[in-house]
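Each chain, written out:
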Amino acid sequence: MLDLHVLGTASARPTTKRAVSGSVLACPEGLVIIDPGEGFQDRFTVARRHLKSEAGTPRLRSRRVAAVLLTHGHLDHTWGLLPWLQTSGLDGRTEPLVVAGPVDAQTFDHLHEHGFHSLPPEGLAASDVWRQMRVWHDLGATEELLGYPLVWRLGHVASGRWMDVTAAGTVESTAVWSPAGWAEHRLTPVVSRHSVPSCGWRIDGPSTALVVSGDTASPGLDSDLPGPDVLVHEATYLEEHADRAEGHLHSTAAGAARTALHLDARGLALTHFSARLADVGPSVAEAAAVLGGGVPCVALNDGDRLTVQSDGTVHHLSREDVGWDARLLVEGRR
Ligand SMILES: [Zn+2]
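In this report, the structure presented in the accompanying data block is examined. (Residues numbered from 1 in each chain as written. Predicted model: local features only at pLDDT ≥ 70, side-chain atom pairs only at ≥ 80, totals over all residues.)

## Re the sheet that holds strand 13 (residues 268–271)
Counted only if it meets this: When DSSP locates at least two bridges between a pair of strands, those strands are taken to pair. For helices the rule is a DSSP run of H or I covering at least 4 residues; for strands it is a run of E covering at least 2, with both sets numbered from the N terminus onward. Lines are fitted to the C-alpha atoms to define the axes, a helix being fitted only along its stretch in contact, and any angle between axes, read from their N-to-C directions, falls within 0 to 180 degrees. Contacts here follow a simple rule: the backbone-placed C-beta atoms of the two residues must lie within 7 Å.
With mixed pairing, six strands are arranged side by side in an open sheet as 9-10-11-12-13-14. A single partner strand is all that each edge strand has here, and the edge strands are strand 9 (186–191) and strand 14 (297–299). Recorded for the sheet is a direction-independent mean angle of 20° between the axes of neighbouring strands. Across three bridges, strand 13 lies against strand 14 in parallel orientation. By the bridge assignment for strand 14, A269 is matched with V298. Lying on the sheet, helix 9 (residues 281–291) is in contact with strand 13 and strand 14; it crosses strand 14 at an angle near 165°.

## Some details on helix 5 (residues 129–138)
Applicable threshold: Exposed residues have 12 or fewer other C-beta atoms within 10 Å of their own C-beta, buried residues have 20 or more, and partly exposed residues fall in between, where C-beta atoms are placed from the backbone. Regarding the arc, it is the one traced by the directions from the helix axis to the C-beta atoms.
For helix 5, the complete set of buried residues consists of V129, W130, Q132 and M133. Looking down the long axis of helix 5, one finds its buried residues gathered within 160° of arc, a one-sided arrangement. The inward-facing, buried residues of helix 5 contact helix 2 (75–78), strand 5 (97–102), helix 4 (105–114) and strand 6 (150–156).

## What about the packing of helix 8 (residues 253–262) against helix 9?
For the record, the criterion: Here a crossing is taken to be left-handed if its near helix is turned anticlockwise relative to the far helix by less than a right angle, and right-handed if that turn runs clockwise. For this classification, the nonpolar set comprises Ala, Val, Leu, Ile, Met, Phe, Trp, Tyr, Cys and Pro, the charged set comprises Asp, Glu, Lys and Arg, and every other residue, Gly included, is treated as polar.
Across the interface, helix 8 lies against helix 9 with an axial gap of 8 Å and an inter-helix angle of 35°. Like other packed secondary-structure pairs, helix 8 and helix 9 cross with a definite hand, here right-handed. Across from A253, A254, A256, A257, R258, A260 and L261 in helix 8, the residues of helix 9 making contact are S283, E286, A287, V290 and L291. Tallied by class, the residues present in the contact of helix 8 with helix 9 amount to nine nonpolar, one polar and two charged.

Okay, here's the thing in structure tokens:
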């Protein structure tokens, strides 16, 4: 089973009810974090506490996190990483951790030629993921200070070129990969379209698949792979602000639905809502009108979960004061 813990559903500006991006995806082989935005370690701790009273559900232990997947370098998606890394060290972690994210072709070539620790070229954007990894390293994200080794994994998504940087050096890698020790689940970056180098992330199990979009315009996500059981897609705006969405390379709810149809997704979950949206009901209605009843759709709130069973059944678990309220979102494949 895949079990996605959604720990932040706001866009860049948080609200009293919604924190910035941050998710944890659990599968039987371990955990991956997607986009640890600001305050992520607090939210991770709260989610772990909530799970303690749920019998039969895998625990969110930080030592079980095999990888942190970044969709892009905007701080509402990355700013919580370093504190979480440091607390994991204090918790006694010794297992290696992969931190993966996309860069543009120029940065990739620069890294190839000059190395991870070289000086960034003049004019390199602050949001460049390599630049941030380099700063985290300088601020203490090293094996010496954390107590566990890090693998910095950087790639140019469109060309499928990736590299792994460790203390021992740099090795070329592949776009599709599995964390060390994993045999049945693999991770794939998905082409997306945002104002900085970006990607979505897909996890495939033996008979399940889930895609998380990150920030992207629509059309944006593109993939030749079979449709996922559920697509978690940003819906920052409504269609009445389609020009603003395209200007910032974000999606409307209708755009998210069009992407769900393009990818042949079996279900759609909306997230990353602008603070201007007082209620997400209109977002779901707008997406549902595009989907036309064939593909179910739901809006996510902080603390919600999405589970995917081995037959493709997807449940949406709404966070209640105590526990979750599970509702069927997508029926299993026959
Ligand atoms: Zn964002």
